[in-house]
Amino acid sequence: MKDSLQFRIMLAFSLVILVTIGAVFFFFDHAARTKIHSFEESVEYKLKARVASGLSRYYRAQGSWEGVQPLIEQLGTASERRIILVDNEKIVVADSQGDLLGKPYESDSPGMILQSPGKRGPLAMLYIGEAKSASLYILYKAMGHFLILGACVAIAIALIITFFLSSRISTPICALTKTARKLGQGDFSQRVQVGDKTEVGELGMAFNSMAGDLEKGERLRRNMVADVAHELRTPLSNVRGYLEAIREGVVKPDVAAIRSLEEETTLLSRLVDDLQDLSLAEAGKLKLICQTEDVAELVNRTVAAMQAQATAKEVSLSTDLPQGLPLVNIDSHRISQVLRNLLENALAHTAKGDAINVAAAQQGDWVEISVADTGEGIPPGDLPNIFERFYRVDKSRARATGGSGLGLTIAKHLVESHGGKIEAQGKSGEGSRFSFTLPVA
Ligand code: ADP
């Protein structure tokens, strides 16, 4: 509990509330006391001045203090204070309460000296007592109790609000922690509920998208393992079948049998090579040694290497390369691997009398290379999938051509790692056209 986020948030909020209320109280108290003090001082001053001037006027009119007692009583009642007038012999000549009349009077509190403009020396001493009714201080203290009560209510309300606020913040974080733990234990289907669009909500969304990526990655990994096992099984069982047949004397270990075995192992080693390329490409770890290359030269070189196969199959293989193509920035070994793969596919899916044409053209900052054939084409339903690994339009026939089903997947990765795009077009029976772009140097 002590280490929980909710507890810490509540503690922080409570401290802020207490400090704020304490500061407000301190400054309010200080300001109120100063104001009350100066207000009472000014009231006191005005009162004393009024009493003194009234008495001075009386003395001027009468010439003595005789008969002043009713005036003092009147002034005492009006001001709610005790007023004592003492003559120069320190005898009380008037007392608003009457009990000190005629008696000698000595006081520790400083009195006021009454003087008359015409007369030399003091006329009398005036003593004005404290106000009988409640002073503003008493009123302020009473108000203080209400203020403290109000502060307590405010603190209680603030704490309740803080509790709900902090639980709103900490609940999704706790849910996130729980989900992350489950994800860590291998349950990739776990997601968190994204509430609002605050930072916590965004964290939840980012977490869900990460979980989605992890789930997809895990699914791809599983599929990959299943696909690889599936692809390995056929050539391996073929090899085993041959070897068993030879052992049991059903098949003679002649040149034909050995050639079949060799074909199966070639297929296997090609599959292993392609898998290695694919895993490097998928991990983004394929090293590209890029330099400026002449596209026309690269195309001519690759086409020349395939010419013999095309001639043997009676398929015409031509190029269409305009003059002045710009240089491209590529890893020539990898791009000729892509082109070779497209040409091998074109040869595998064309028949006697068909034609294959390799063309190149500049398109802005890119050079597009295309391989078009007049072969069997690709059904529209299969077009979106042919770049997926192990995808074959005609499973049985593709195996006969010796393809691993990874050629186009690797080609796509290689082109994309150069920043380009690869596309396929075509219809069943109308031939196909593969094109990819390369960045101009
Ligand atoms: P494979 O090793 O089987 O050739 P690829 O990834 O290179 O694998 O190609 C995937 C599939 O796309 C092939 O099995 C084939 O069905 C189809 N394909 C590729 N190129 C062509 C083409 N030029 N004409 C018709 N189909 C093609």
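Structural data are supplied above this passage.
Below you will find a few notes about this structure. Since the model is a prediction, treat every value here as computed from it, not as a measurement.

1. Details of the overall build of the protein
When its secondary structure is counted, the protein shows nine helices and 11 strands. By principal-axis analysis of the C-alpha atoms, the protein measures approximately 160 × 60 × 35 Å. By residue count, 34% of the 441 residues in the protein fall in the buried class. Partitioning the intrachain contacts of the protein with sequence separation of at least 6 by distance along the chain shows that 65% fall at a separation of at least 24. Accessible surface for the protein amounts to roughly 26,900 Å². Of this, 59% is attributable to carbon and sulfur atoms.

2. Re helix α6 (residues 295-312)
In this model α6 runs 26 Å from its N-terminal to its C-terminal C-alpha over 18 residues, within 8% of the 26 Å that 1.5 Å per residue would give. Its maximal kink placed at Met-306, α6 deviates by approximately 40°. All buried positions along α6 are accounted for by Val-295, Ala-296, Leu-298, Val-299, Thr-302, Val-303, Met-306 and Ala-310. In this fold, the buried residues of α6 make contact with β5 (291-293), β6 (316-320), β7 (328-330), α7 (332-348), β8 (355-363) and β9 (366-373).

3. Here's the deal with the environment of Arg-81
Within the secondary structure, Arg-81 sits in the loop between α2 (69-79) and β1 (83-87). Overall, the relative accessible area of 10% leaves Arg-81 in the buried class. Within the local environment of Arg-81, its side chain forms a polar contact with the backbone oxygen of Gly-129, the two atoms lying 3.3 Å apart.

4. Digging into helix α9 (residues 407-417)
Inspection of α9 places Gly-407, Leu-408, Thr-409, Ile-410, Ala-411, Leu-414 and Val-415 among the buried residues, and these make up the whole buried set. Remark: Gly-419 follows α9 within two positions and exhibits a positive phi of approximately 95°.

5. Let's talk about unusual backbone geometry
Excluding glycine, residues mostly have negative phi values, and the peptide bonds linking residues are mostly trans. Although it is not a glycine, Glu-80 sits at a positive phi angle of roughly 60°. Summarising the element assignment, Glu-80 is placed in the loop between α2 and β1. One non-glycine residue, Glu-314, adopts positive backbone phi at about 55°. Under the relative-accessibility criterion, Glu-314 is labelled partly exposed at 47%.

6. Quick look at the packing of aromatic side chains
Evaluation of the coordinates by the stated rule reveals six aromatic pairs. A centroid spacing of 6.2 Å and a plane angle of 40° characterise the contact between Phe-28 and Tyr-140, whose relative ring orientation is tilted. Of this pair, Phe-28 sits in helix α1 (residues 5-62) while Tyr-140 sits in helix α3 (residues 136-184), placing them 112 residues apart in sequence. A residue is classified by how much of its surface remains accessible, and Tyr-140, at 10% relative accessible area, is buried.

7. Details of the sheet that holds β9
The five strands are arranged β6-β8-β9-β11-β10 in an open sheet whose pairing can be described as mixed. Both edges of this open sheet fall to β6 and β10 (422-426), since each of them pairs with a single strand only. Across the sheet, the axes of successive neighbouring strands diverge by a mean angle of 15°, strand direction being ignored. Here α6 sits on the sheet in contact with β6, β8 and β9, set at roughly 175° to β6.

8. Thoughts on the site of the ligand
Residues in contact with the ligand amount to 20 residues; listed here are only the nearest, Asn-345, Asp-373, Val-393, Gly-405 and Leu-408. A distance of 2.8 Å separates an oxygen atom of the ligand from a polar atom in the side chain of Asn-345. At a separation of 3.0 Å, a nitrogen atom of the ligand approaches a polar side-chain atom of Asp-373. For the ligand, whose free accessible area comes to 530 Å², the fraction covered by protein is 97%. Every element with two or more residues in the shell around the ligand is listed here: α7, α9 and β11 (432-439). It is α7 that provides the largest number of residues to the shell around the ligand, a total of three residues. For the shell around the ligand, a count of residues per class yields nine nonpolar, nine polar and two charged.

9. Overview of the pattern of salt bridges
In this structure the tally under the stated criterion is 15 salt bridges. Where Arg-221 meets Glu-218, a salt bridge forms, and the shortest distance between an N and an O atom there is 3.0 Å. Here Glu-218 and Arg-221 lie together in helix α4 (residues 199-247), a separation of three residues that amounts to about one turn. Since its relative accessible area comes to 15%, Glu-218 is described here as buried. Salt-bridge contacts for Glu-416 lead to Lys-412; the nearest nitrogen and oxygen are separated by 3.3 Å. With Glu-416 and Lys-412 both in helix α9, this residue pair falls four residues apart, about one helical turn. Its relative accessible area of 30% is what places Lys-412 among the partly exposed residues. Residues joined in a network through salt bridges with shared partners are Arg-82, Asp-95 and Asp-99.

10. What to know about the side chain of Ser-170
By the element assignment, Ser-170 lies in helix α3. Accessibility expressed as a relative area gives 6% for Ser-170, which makes it buried. With sequence-adjacent residues up to four places away left out, Ser-170 is seen in contact with Leu-5 and Gln-6.

Analysis parameters
Residues numbered from 1 in each chain as written. Predicted model: local features only at pLDDT ≥ 70, side-chain atom pairs only at ≥ 80, totals over all residues. Heavy atoms only, no water. Helix = DSSP H or I, 4+ residues; strand = E, 2+ residues; numbered from the N terminus. Buried < 20%, exposed > 50% of the residue type's maximum accessible area, 1.4 Å probe, protein only. Contact = heavy atoms within 4.5 Å. Areas by Shrake-Rupley, 256 points an atom, 1.4 Å probe, with all protein chains shown as cover. Expected span 1.5 Å × (residues − 1). Bend = angle between axes of the 7 residues up to and from the residue. Polar contact = N/O pair within 3.5 Å; in protein donor to acceptor, adjacent residues only side chain to side chain. Phe/Tyr/Trp six-rings, centres within 6.5 Å; stacked < 30°, edge-to-face > 60°. Pairing = 2+ DSSP bridges. Axes fitted to C-alpha atoms, helices over the stretch in contact; angles between N-to-C directions. Near = heavy atom within 4 Å. Nonpolar A, V, L, I, M, F, W, Y, C, P; charged D, E, K, R; others polar. Salt bridge = Lys/Arg side-chain N within 4 Å of Asp/Glu carboxyl O.

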